[in-house]
Amino acid sequence: MNRPMPYEASEPVVLVTRPRPGVVQAAVNRPHRRNALTEEVFGALGDLCAALREDRSARVLVLTGAGETFSAGYDIDEVGRVASLEPSALMALLDRQSRVISALCDLPQTVIAAVDGVAAGAGLSLALAADLRVLSERARLRAAFVRMGLSGGDMGASWLLPRIAGLGFASDMLLTGRFVDADEALRRGVANRVSPAGALMATALDTAEQIADNSPVSLRLTKHILQANTDAPSLEVALRAEASVQVAAAKSPDVQEAVAAFRERRAPRFGAAPDRTDPTEEQR
C-alpha cells in the first residue's frame with residue numbers, strides 16, 4: 001500500500017498517490033501545521049479536481065491528511081491577513097476557495113474522506129463535500145466558525161451538513177462550535193464507517209476498491225442522480241429523472257457485460273477495467 005511519506009519542505013502541499021487500481025489518494029501534506037489550509041492547498045486541490053475530471057482510469061478519490069490529522073481548518077496565520085482584505089478582495093478569495101468545494105462535489109468520481117484526528121472549520125467542509133466519510137475512532141469534527149467570530153455558513157457547511165445529518169443537528173454543530181466525536185458522527189449519519197485508528201486507511205481503501213470494482217458508467221450516473229434528487233421537488237420529478245438516467249445506463253456495454261458475467265459465474269470486466277498490476281505513484 002502506498003502511503004504519504006513524512007513531510008519535507010520540498011514536498012507538494014497535496015500528495016497524490018495511486019494505492020490501488022482505480023483509486024486515487026490525495027493527502028493534504030502539511031502535518032507540521034496539522035494540515036491547515038492555505039490558498040496554495042486550495043489551488044492544488046482545484047488542480048487535482050480538474051485533472052480527475054479528465055481521468056477515466058480513476059473511479060474513486062480518497063481524500064485524507066498526512067500524519068494524524070485530517071485538517072485543523074484554515075491556517076490561523078492566514079486568518080488575520082484574510083480578514084483585513086477589502087470586501088471585494090475577500091469575496092474574490094472566498095469565491096476561489098468555494099469553487100474547490102463545488103469541484104469536489106461535482107467530480108464524476110466517488111469521493112471518500114478518510115478522517116483521522118481533527119477535521120475542523122474549512123477542513124470539516126472538505127470532509128462534508130465527500131460522498132462518504134470514513135472516520136477513525138479518535139476523529140473529532142468541529143464547525144469552529146462561531147468560535148472565531150465568523151459565520152457558520154462557510155465553505156458550504158450550511159448547505160452540506162443539513163443534507164447529510166438534518167437541520168437540527170447541523171444547527172447544533174454550527175451554533176455551538178462544539179467537538180463531535182466519531183461515535184456521535186456515526187449515529188448522526190455524518191460518518192458512514194468508523195474504524196480503529198490504525199486501520200483507517202485500510203478501511204477507506206477497501207471501501208474505495210469495492211466501489212471501483214463496479215461499472216464506471218453506473219458509478220457516475222448513480223452519483224449524479226443522488227445529487228439531483230436530493231433536492232427534487234416531488235417523487236414524480238425524481239422518478240422521471242431516474243428513468244432518463246436509467247435509459248442512458250441501459251445503453252452502456254457494461255449492462256451486457258454484467259449479464260454475461262452472471263451467466264458465466266465470473267466477476268464482470270467493466271469498460272476500461274482498473275489495472276491490477278503494481279500501483280504507480282505520482283505527485284502533484
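These notes cover the structure that comes with them.

Thresholds applied
Residues numbered from 1 in each chain as written. Predicted model: local features only at pLDDT ≥ 70, side-chain atom pairs only at ≥ 80, totals over all residues. Heavy atoms only, no water. Helix = DSSP H or I, 4+ residues; strand = E, 2+ residues; numbered from the N terminus. Rg over C-alpha atoms; globule rule 2.2 N^0.38 Å. Buried < 20%, exposed > 50% of the residue type's maximum accessible area, 1.4 Å probe, protein only. Contact = heavy atoms within 4.5 Å. Lys, Arg positive; Asp, Glu negative; His and termini not counted. Charge placed at Lys NZ, Arg CZ, Asp CG, Glu CD. Core = buried A, V, L, I, M, F, W, Y, C linked by side-chain atoms within 4.5 Å. Phe/Tyr/Trp six-rings, centres within 6.5 Å; stacked < 30°, edge-to-face > 60°. Lys NZ or Arg CZ within 6 Å of the ring centre and 35° of its normal.

1. Topic: the overall build of the chain
Check the secondary structure of the chain and you find 11 helices and nine strands. Rg of the C-alpha trace for the chain: 19 Å, near the compact-globule value of 19 Å for 284 residues, within the 12% margin. A principal-axis box enclosing the C-alpha atoms of the chain has dimensions of 65 × 50 × 40 Å. Across the 284 residues of the chain, 46% fall into the buried class. Put simply, 69% of the contacts in the chain that link residues at least 6 apart link residues at least 24 apart. When the 32 basic and 35 acidic side-chain charges of the chain are each reduced to a single mean position, those positions are 4 Å apart.

2. Re the nonpolar core
Core analysis: the largest hydrophobic core is formed by 53 residues, its most contacted members being L61, V115 and L141. Residue contributions to this core peak at seven residues, all from helix α1 (residues 39-53). Excluding residues that lie within four positions of it along the chain, L61 makes contacts with V24, A26, L48, L52, L104, L107, Q109, T110, V111 and I112. By size, the runner-up hydrophobic cluster in this structure holds 14 residues, among which are V60, I112, A114 and L219.

3. Considering the packing of aromatic side chains
Summed over all chains, the structure comprises one aromatic pair. When the ring centre of F179 is taken as origin, the NZ or CZ atom of R140, which lies over that ring, is 3.9 Å away. In this arrangement the basic side chain of R142 is found over the ring face of F179, its NZ or CZ atom lying 4.5 Å from the centre.

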